[in-house]
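Structure assessment
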Amino acid sequence: MSEQPFNLGRRSWIAGAIAFLLASCRPIKVLNAVIPTDGMQITRDIAFGPHARQRLDIYQPRQPSTSHLPVVVFFYGGSWDSGAKQDYLFVAEALTSQGLIVVIADYRLYPELKFPQLMQDPALVVGWVKQHIADYQGAPTRLFLMGHSAGAHLAMMLSLNAEYLSAVGLETSAIRGSIGLAGPYDFLPLTSDRLRAIFAPPEQEWMSQPIRFVSDQQPPLLLMTGLKDRDVWPRNAINLAQAVQAKGGDVILKTYPDYDHADLVAKLARPFRRHSPLLADIMTWMHHHGA
């Protein structure tokens, strides 16, 4: 069978990473159950719009700081049609342990919205954070985006196509940098009826591809991919990195020979990160860009 650049399955992405913990239909709950929360102050379900899924959670390091802290807005994956912000406690704990403020939002999904309307809520989240995060000890001038899988696609679209942030009164320069974990950025042709439905009509499919919007104006990018990923092929990140380099942009590509799709986020969790460079690589890059 010929290789396709994008092949998201319907399996639970985290199950392989924690199968040794429990054979469960919701293994992510097992993972989050062992994540300590005593180091975080959590503010839940802040509305950034009138719809039920337009809610965000803010995670702050509990240790007091005399200055405003860098902020990461994390977009979870789920094939653009599933996901829940509370499932990513382990991501928030990893980043707050490094002195960052983390915002994780729910957003409206397919079939309620199709692309490009799917970009509305992620843009609204960034606009809300830019306006309000100082009230939560965050530095709005040190704002980073980060996403895994479909969430990485959202983060990169916000970073590369200026029209989405423009709709909330911002420019891409409002973002200090963006981090993509196992993201689909160059995945035409669409290989399933579901993807064709999400990104229809066919004559506009190109608009869904972050790689088509590369210029010399985007924020610095960190693209991370596992070479054993068979859900989102590594060449998505490789191709995007090459396109940004060709335009003279600021991009770092990190490849992990033994990681698959789930590893690119599961390795942030406390049970797994001791023997993984993933979090350290993210923090090294963020410090270089002002975190």
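The sections below set out a description of the structure shown in this document. (Residues numbered from 1 in each chain as written. Predicted model: local features only at pLDDT ≥ 70, side-chain atom pairs only at ≥ 80, totals over all residues. Heavy atoms only, no water.)

1. Things to note about the pairing of strand β5 (residues 138-148)
With eight of eleven residues buried, β5 lies mostly within the body of the structure. Where strand β3 (residues 69-75) and β5 come together, six bridges link them in parallel fashion. The residue bridging V73 from the neighbouring strand is L145, located in β5. (Buried < 20%, exposed > 50% of the residue type's maximum accessible area, 1.4 Å probe, protein only. Helix = DSSP H or I, 4+ residues; strand = E, 2+ residues; numbered from the N terminus. Pairing = 2+ DSSP bridges.)

2. Points about helix α11 (residues 278-288)
Among the residues making up α11, those that are buried are L278, L279, D281, I282, M283, W285 and M286. Count one or two residues on from α11 and you reach G290, which has phi positive near 100°.

3. Topic: the nonpolar core
Counting residues in each nonpolar core, the largest one holds 95 residues, and the members touching the most others are L268, I282 and M286. For this core, the element with the most residues is helix α5 (residues 150-160), which contributes eight residues. If we ignore the near neighbours within four places in the chain, the residues touching I282 are M146, I179, L181, L222, M224 and L268. (Core = buried A, V, L, I, M, F, W, Y, C linked by side-chain atoms within 4.5 Å. Contact = heavy atoms within 4.5 Å.)

4. Here we look at the environment of L188
Structurally, L188 is set in the loop between β6 (177-181) and α7 (193-198). A sequence separation of 17 residues divides L188 from E205, and the C-alpha atoms of the two residues are 7.9 Å apart.

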